[in-house]
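A look at the structure
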Amino acid sequence: MAVTSPGKALRAIFESTETALMPFGALPLHAQMAQHAGFDAFQLSGGMSAWWLGVSDTGWLTMTEVVEHAKRTARAVDIPIYCDADTGFGAPINVQRTVAEFIDAGVGGIHIEDQREPKKSGGVAGIELVSDAEAIGRLNAAVDARDKLDKDFVIVARTDGYGAAGGGLDEAIRRALLYKAETDADIIFYEGFHTWEQAELALKETPGPAYAIGVPLIGRRTVAEMTAIGQAIMPVAFGLPGVNEVWRLLMRVKEAGEAAPIAEYIDRMNADPDAIGWGAKFARPSPDEVRETEEKYLPQSAHRDYGNNAHVEEHY
């Protein structure tokens, strides 16, 4: 069963005294992997979701498309989902609709950034920020919608102040402290830092739960070390092999001019006791649930005989 209050469950993770490792991916299957591996929450990446859906992370996807993807992901698991909501997708009234739609989708919380439209992927060149007043208004619109609809829903204020044009560490901290003082956002998220010294300084200056990420930071310190500097969560981008290793395999097929590399991979997969095979073990409804439902509701004469093809169903 899904958690009764995704927001409350996600909030408890952010407010824990220990840094939580949060699997970070793009698909409902990734979320199911996170749940079955024993993690307490899953972060649905905006950038990775866009790339996996075949578009760039430049605000190309609309709010309704992003929310629909989040809804499918939330329905696939029983753990809370934390989502990227870009800039909130428009003016303050649009931001409020964004919050309402994510709540209706069963998501536990979102982060909203202070970038100017058209937004850029975090950490790339060309990022510009909105004014202080616009950023504060954006967050307060989100907070008011949260308080009206679901006070447990988590609003995270993301600042791209470090990597933006004319920005830096001081600007990121200044904006974070401003957002804490002028809004009731629950968490601060620093995007794009390059060193743990930067993260440590920023988190030391920031009251309440906060976290910082940047590619050079991921996995470089222990949970104990992250906890010591006040890192609330650490997103873990475990979906990356699903891009890079698949590409390597495809290139081996192309170079061979044969399908043999796939057969060799399947043989290795079948010999690995920890492999998940074709992924059917995480599917909802499961093959067993389908069979039980058929037995319950179909006439006896209509029951399907799976016979020797039972294993094929689980593969494909």
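Criteria and thresholds
The numbering scheme is per chain: residues are counted from 1 as the chain's sequence reads. Totals for whole chains, interfaces and linings use all residues, but because this is a predicted model, local features are given only for residues with pLDDT of at least 70 and pairs of side-chain atoms are given and counted only at 80 or more. Calculated side-chain values reflect all of the structure's heavy atoms, with hydrogen atoms and water omitted. Whether two strands pair comes down to DSSP finding at least two bridges between them. A run of DSSP states H or I qualifies as a helix once it reaches four residues; a run of E qualifies as a strand once it reaches two. Both are numbered from the N-terminal end. Think of each axis as a best-fit line through the C-alpha atoms, taken over the contacting stretch in the case of a helix, with angles from 0 to 180 degrees between the N-to-C directions. Any two residues whose heavy atoms approach within 4.5 Å at even a single point are treated as in contact. Nonpolar cores are built from buried Ala, Val, Leu, Ile, Met, Phe, Trp, Tyr and Cys residues. Side-chain atoms within 4.5 Å join them into one set. Exposure classes here rest on a 1.4 Å probe applied to the protein chains alone. A residue is buried below 20% of its type maximum, exposed above 50%, and partly exposed in between. When a carboxyl oxygen of Asp or Glu lies within 4 Å of a side-chain nitrogen of Lys or Arg, that pair is called a salt bridge. Crossovers are marked right-handed if the path from the first strand over the helix to the second runs clockwise, as seen with the strands pointing away from the viewer.

Topic: the sheet that holds strand 8 (residues 233-236)
- A sheet is described by the order of its strands in space; here 8 strands give the open sequence 7-6-5-4-3-2-1-8, paired in parallel fashion. A single partner strand is all that each edge strand has here, and the edge strands are strand 7 (210-213) and strand 8. Ignoring strand direction, the axes of neighbouring strands in this sheet form an average angle of 25°.
- Sheet topology note: the strand 1 (residues 20-25)/strand 2 (residues 42-44) ladder contains 2 bridges and is parallel. Bridge pairing in strand 2 links Gly25 to Leu44.
- Packed onto the sheet, helix 5 (residues 92-104) meets strand 3 (81-84), strand 4 (109-113) and strand 5 (154-159) and runs at close to 155° relative to strand 4.
- Lying over the sheet, helix 7 (residues 169-182) contacts strand 5 and strand 6 (187-191), oriented at roughly 165° with respect to strand 6.

A few points about the nonpolar core
- Residues Phe102, Ile110, Tyr190 and Phe193 are the most contacted members of the largest nonpolar core, which totals 58 residues.
- For this core, the element with the highest residue contribution is helix 6 (residues 132-149), accounting for 7 residues.
- Beyond its immediate stretch of four places on either side in the chain, Phe193 contacts Tyr162, Leu169, Ala172, Gln198, Ala199, Ala202, Ala212, Ile213, Gly214, Pro216 and Leu217.
- By size, the runner-up hydrophobic cluster in this structure holds 15 residues, among which are Ala20, Tyr82, Val156 and Ile233.

Observations concerning the pattern of salt bridges
- Tallied over the full model, the rule gives 17 salt bridges.
- A salt bridge links Glu171 to Arg175; the shortest N-O distance between them is 2.9 Å. Of this pair, Glu171 and Arg175 both sit in helix 7, separated by 4 residues, roughly a single helical turn.
- Exposure remark for Glu171: the relative accessible area of 21% places this residue in the partly exposed category.
- Residues participating in the shared-partner salt-bridge network are Asp114, Asp132, Glu171, Arg174 and Arg175.

Some words on the pairing of strand 4
- Most of strand 4 sits inside the fold, with 5 of its 5 residues counted as buried.
- The alternating pattern of strand 4 places Gly109, His111 and Glu113 and Ile110 and Ile112 on opposite faces, both of which are buried.
- Pairing geometry for strand 3 and strand 4, over 3 bridges, is parallel. Following the sheet pairing, Cys83 is matched in strand 4 by Ile110.
- On the question of chirality, the crossover connecting strand 3 to the parallel strand 4 by way of helix 5 is right-handed.

Fair warning: the whole summary comes from geometry, so function is off the table for now.
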